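Inside the fold
Below, each chain spelled out in residue letters.
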Amino acid sequence: MTDSADSPSFRLAYVPGVTPAKWVRIWEERLPGIPLTLLQVTPAGAADALRDGAADAAFVRLPVDRTVFSAIPLYTETTVVVVPKDHVITAAEEITLDDLADEVVLHPLDDVIGWAEPPGEAAFERPATTADAVELVAANIGVLVVPQSLARLHHRRDLTYRTVVDAPQSSIALSWPEEATTDRVEDFIGIVRGRTVNSTRGRQTPAEQRDGDGGGRGRTGGAKGVGGAKSGGGSGRSGGAKAGGTRSGGTRAGGAKTGGARSGGAKGGGARRATGGGKPRRRS
């Protein structure tokens, strides 16, 4: 038996800005015998990690190649501009792209916004990484527009950020190779979707779940039907006594003997005796 079979594991890649801690914690609670290995990758390197088999699944930034990868969109981030704390932009809580028209807006090579055309004035040179761009912001070279999670990731005490209300946004998704949807991947999908322990481990498709529910209802309904038949039969034998006793206020003996057991007409007989004032008919 191979080592991988003896010690199964799940390899999860994630791009900067994503915090997978809460999902990892749930995994460790539900599948303590299967180690989860984290692998941080660049936004551009996430697809390569999945394609080359270095990771089983990954938290990525959309878009992804849907001809190769499956993806479950999770959330869309707010876009912010990172500026020095004494910058004039900090006077407002929110700004628009027009407010950046006279600013030098840094555009790092690992940018994840995907601008059709970046706002503001272009810097003399594009920084290699977002981290490098943050350093330039601190040096008052320019400002930087990024998803909020990256602004928090590269936080500095001398910098702050403000929301850019009309800027493009970046979305996070869970992705994996479409042809490699393993049981482990299904387990992690269940965790990310918030499924319970039983539903996650069952890995039922929606159709299977519907069939299972329908079968359960059918069996339950059948049981009620059988019970109803028995109850109904009992009513045919003795229901007349109950009806007669209830309606006549005390003709239980007469109602039971006359209608319930012998002719099944206890209700009619009991009612006529009750409305007749209790007088017996004259025999011919």
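Quick caveat: nothing in here was measured; it's all calculated off a predicted structure.

Another aspect to go through is the overall build of the chain. Each helix and strand in the chain was counted, giving ten helices and eleven strands. For the chain, buried positions account for 35% of its 284 residues. When contacts within the chain are restricted to residue pairs at least 6 apart in sequence, those whose partners lie at least 24 apart make up 70%.

Residues of helix α2 (residues 21-30) that are buried include every one of Trp-23, Val-24, Trp-27 and Arg-30, and no others. Viewed end-on, α2 has its buried residues packed into an arc of 130°, placing them on one side of the element. Exposed and facing more than 90 degrees away from the buried side of α2 are Glu-28 and Glu-29.

To continue, consider the packing of α2 against helix α6 (residues 183-193). α6 packs onto α2 with a crossing angle of 120° between their chain directions and a minimal axis gap of 10 Å. On the basis of their axis angle, the class for α2 and α6 is oblique. In the packing of α2 onto α6, the handedness of the crossing is right-handed. Seen from α2, the contacting residues are Trp-23, Ile-26, Trp-27 and Arg-30; seen from α6, they are Arg-184, Asp-187, Phe-188, Ile-191 and Val-192. Residues that form the contact of α2 with α6 fall into these classes: six nonpolar, no polar and three charged.

Our next topic: the pairing of strand β10 (residues 159-164). With five bridges joining them, strand β5 (residues 79-84) and β10 adopt antiparallel strand pairing. Its bridge partner being in β10, Val-82 is matched across the sheet by Tyr-161. As defined by bridge partners, strand β6 (residues 94-95) adjoins β10 across two bridges and the pair is classed as parallel. Note that in β10 the partner of Glu-94 across the bridge is Thr-163.

Before going further, it helps to spend a moment on the sheet that holds strand β2 (residues 36-40). Spatially, β2-β1-β3-β11-β4 is the arrangement adopted by the five strands of the open sheet, whose pairing is mixed. Two strands bound the open sheet, and with one partner strand each, they are β2 and β4 (69-76). Strand after strand, the sheet turns through a mean of 20° between neighbouring axes, direction not considered. Here strand β1 (residues 10-14) runs beside β2; their pairing, made up of five bridges, is parallel. Looking at β2, one finds that Ala-13 is bridged to Leu-39. Sheet contacts for α6: β1, β2, β3 (57-61), β4 and β11 (171-177); angle to β11, the most-contacted strand, approximately 160°.

A separate point is the confidence of the model for the chain. The predicted model of the chain averages 78 in pLDDT, with 67% of residues at 70 or higher. pLDDT under 50 marks residues 1-7. Its contacts with residues more than four places away, or in other chains, come to one contact. Every residue in residues 204-280 scores below 50 in pLDDT, and together they form 30 contacts with partners more than four places removed in sequence or on other chains.

Following the criterion strictly, the structure yields six salt bridges and no others. As a salt-bridge pair, Asp-56 and Arg-11 come within 2.9 Å of each other at their nearest N and O atoms. Of this pair, Asp-56 sits in the loop between α3 (46-51) and β3 while Arg-11 sits in strand β1, and the two are 45 residues apart along the sequence. Among the residues examined, Asp-56 registers a relative accessible area of 18% and is labelled buried. Measuring nitrogen to oxygen at the nearest pair gives 3.2 Å for the salt bridge that ties Arg-51 to Asp-48. One end of the pair is Arg-51 and the other is Asp-48, both in helix α3 and three residues apart, which spans about a single turn. Of the residues examined, Arg-51 reaches a relative accessible area of 46% and is grouped as partly exposed. Judged by its relative accessible area of 40%, Asp-48 is partly exposed. If you follow the salt bridges from partner to partner, you end up with Glu-135, Arg-156 and Asp-158 in one network.

Calculation notes
- Per-chain numbering applies: the sequence of each chain, read as written, is numbered from 1 onward.
- In keeping with the model being predicted, local features are shown solely for residues with a pLDDT of at least 70 and side-chain atom pairs are shown and tallied solely at 80 or more, while totals for entire chains, interfaces and linings include all residues.
- Side-chain figures throughout are based on the complete set of non-hydrogen atoms in the structure, without hydrogens or water.
- Put simply, DSSP marks the helices as runs of H or I at least four residues long and the strands as runs of E at least two long, and each gets a number from the N terminus on.
- Accessible area is worked out with a 1.4 Å probe on protein chains only. A residue is then buried under 20% of its type maximum, exposed over 50%, and partly exposed in between.
- Residues count as neighbours in contact if any of their non-hydrogen atoms are within 4.5 Å of one another.
- Each direction from the helix axis to a C-beta atom contributes to the arc, which is the arc of those directions.
- Inter-axis angles, ranging from 0 to 180 degrees, are taken between N-to-C directions of lines fitted to C-alpha atoms, where helices are fitted over the stretch in contact.
- Note on angle classes: values under 35 degrees are labelled roughly parallel, values over 145 roughly antiparallel, values of 65 to 115 roughly perpendicular, and the remainder oblique.
- Crossing handedness is defined as follows: a turn of the near helix away from the far one that is anticlockwise and smaller than a right angle gives a left-handed crossing, while the clockwise case is right-handed.
- Residues are grouped as follows: Ala, Val, Leu, Ile, Met, Phe, Trp, Tyr, Cys and Pro are nonpolar; Asp, Glu, Lys and Arg are charged; every other residue, Gly included, is polar.
- Two strands are counted as paired when DSSP detects at least two bridges linking them.
- Per-residue confidence from the prediction method is given by pLDDT, with values spanning 0 to 100.
- The rule for a salt bridge is simple: a side-chain nitrogen of Lys or Arg has to be within 4 Å of a carboxyl oxygen of Asp or Glu.

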